[in-house]
Amino acid sequence: AHNAQPEHLRAAGDISNCQQILLTIGSLQSIATSANSFLMYIRVRGVYSDSKVAKTFFTVLWLSVLCASVTAPMAPRGEHIGNTHRCIATQLHGIAAIGPLFSGINDTLIFFAIYYRLLAVHDASDHWSDRLRSFFSGNRMHKTAKLLLHTGQLYYGYKCIFVSLCNLGFTD
């Protein structure tokens with residue numbers, strides 16, 4: 001019988017130690033989460049460079065993300081599917097939610113802190129509807145502030161969508 005799947009694609013899925021590959025994936029996820037949160041941390045430090053309290057608060061917050069993301073490699077358990085060399089995650093401990101939870105809290109606080117500072121500096125309007133319009137359009141802001149606002153919106157929007165889609169995979 002002829003198998004339509006090329007040999008190099010079949011070999012790519014063969015794994016001798018399922019737990020080791022899940023540990024590696026979790027470790028890489030831990031590094032990615034910490035690095036991504038660090039980039040957001042750099043942004044908020046730049047915006048609040050004149051506030052020692054804000055810088056200290058966001059430093060502690062980023063360190064908590066760093067510590068919480070260390071749990072990612074410990075969360076999944078896996079095993080081979082039957083007698084094959086293919087793996088499946090069989091168990092995901094509740095500890096898996098700690099890293100994304102802290103990262104989500106961190107990113108949300110940073111997003112709103114930056115948004116608050118940008119509007120406080122660039123929008124003197126007293127009406128909430130004008131401020132809401134500025135939030136989406138960036139009107140009345142300098143180019144750098146507008147870029148900071150819009151890239152933060154993109155990042156935060158994509159992260160919310162991605163986390164929501166990932167959580168769908170963990171529901172019964």
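Not measured: the values here are computed from a predicted model. Numbers given for residues are sequential positions, taken from 1 along each chain in its written order. For a predicted model such as this one, the threshold for reporting local features is a pLDDT of at least 70, and the threshold for listing and counting side-chain atom pairs is 80 or more; totals across whole chains, interfaces and linings nevertheless cover every residue. The basis for the side-chain values is all heavy atoms of the structure; hydrogens and waters are excluded.

## Remarks on the overall build of the protein chain
Rules: Counting from the N terminus, the helices are DSSP H or I runs at least four residues long and the strands are E runs at least two residues long. Each residue's exposure class comes from its accessible area (1.4 Å probe, protein chains only) as a fraction of the maximum for that residue type: buried when under 20%, exposed when over 50%, partly exposed otherwise. Areas reported as accessible are Shrake-Rupley estimates using a 1.4 Å probe. Residue values count occlusion only from the protein chains shown.
On a plain count of helices and strands, the protein chain comes out with 6 helices and 2 strands. Secondary structure elements in the protein chain, listed N-terminal to C-terminal, are α-α-α-β-β-α-α-α. Per-residue burial for the protein chain yields a buried fraction of 30% across its 172 residues. Element-wise, carbon and sulfur atoms account for 67% of the exposed surface of the protein chain, whose accessible area totals about 11,200 Å².

## A short note on the pairing of strand β1 (residues 76-80)
Each regular strand displays side chains that alternate between the two surfaces of the sheet. Selection criterion: Here, strands pair whenever DSSP counts at least two bridges between them.
In the sheet, β1 pairs with strand β2 (residues 87-92) via 5 bridges, with the strands oriented antiparallel. When the sheet's bridge partners are listed, Glu 79 is paired in β2 with Ile 88.

## Let's talk about the state of the cysteines
Heads up, the condition is: Disulfides are defined as pairs of cysteine sulfur atoms found within 2.5 Å of each other.
All told, the structure shown has 1 disulfide when counted by the stated rule. In this model, Cys 18 is linked to Cys 87 through a disulfide, with the two sulfur atoms separated by 2.0 Å. Between Cys 18 and Cys 87, the disulfide has an S-S torsion of -90 degrees and is therefore left-handed. Of this pair, Cys 18 sits in helix α2 (residues 18-47) while Cys 87 sits in strand β2, and the two are 69 residues apart along the sequence. Take Cys 18: its relative accessible area is 4%, and that puts it in the buried class.

## Brief notes about the confidence of the model for the protein chain
Note the following rule: Confidence scores here are pLDDT values: one per residue, from the predictor, ranging 0 to 100. Residues count as neighbours in contact if any of their non-hydrogen atoms are within 4.5 Å of one another.
The share of residues in the protein chain with pLDDT of 70 or more is 78%, and the mean pLDDT across the chain is 78. By mean pLDDT, the top-scoring element of the protein chain is helix α3 (residues 52-69) (94), and the lowest-scoring one is helix α1 (residues 7-12) (42). Confidence drops under a pLDDT of 50 for residues 1-12, and excluding neighbours within four residues, the segment shows 3 contacts in the predicted structure.

## What about α2?
Under the convention used in this document: Helix span is expected to be 1.5 Å times the residue number reduced by one. Side-chain atoms alone can form a polar contact between residues adjacent in sequence; in general such a contact is a pair of N or O atoms within 3.5 Å, and within protein one must be able to donate a hydrogen while the other accepts it.
Along its 30 residues, α2 runs 44 Å from first to last C-alpha, staying within 8% of the 44 Å computed at 1.5 Å per residue. Among all positions in α2, only Cys 18, Leu 22, Gly 26, Ser 30, Thr 33, Ser 34, Ser 37, Met 40, Tyr 41, Val 44 and Val 47 are buried. Its side-chain oxygen 3.2 Å from the backbone nitrogen of Gln 19, Asn 17 forms the N-cap of α2.

## Quick notes on the side chain of Thr 71
Secondary-structure assignment places Thr 71 in the loop between α3 and β1. Under the relative-accessibility criterion, Thr 71 is labelled buried at 10%. Here the side chain of Thr 71 touches Ala 68 through a polar contact of 2.7 Å, landing on its backbone oxygen. Contacts of Thr 71, omitting those with residues within four sequence positions, involve Ile 95, Ile 98 and Gly 99.

## Some thoughts on the nonpolar core
Among soluble globular proteins, nonpolar side chains are generally buried collectively. Counted only if it meets this: Take the buried residues of types Ala, Val, Leu, Ile, Met, Phe, Trp, Tyr and Cys, join any two whose side-chain atoms come within 4.5 Å, and each joined set is a nonpolar core.
Val 44, Tyr 48, Phe 58, Ile 110, Ile 114, Leu 118 and Met 141 are the most contacted members of the largest nonpolar core, which totals 19 residues. The set of elements that each furnish at least two residues to this core consists of α2, α3, α4 (98-122) and α6 (143-168). Here this core gets 6 residues from one element, more than from any other, and that element is α4. Ignoring sequence-local partners within four residues, the contact set of Ile 114 consists of Arg 43, Val 44, Val 47, Tyr 48 and Leu 148.

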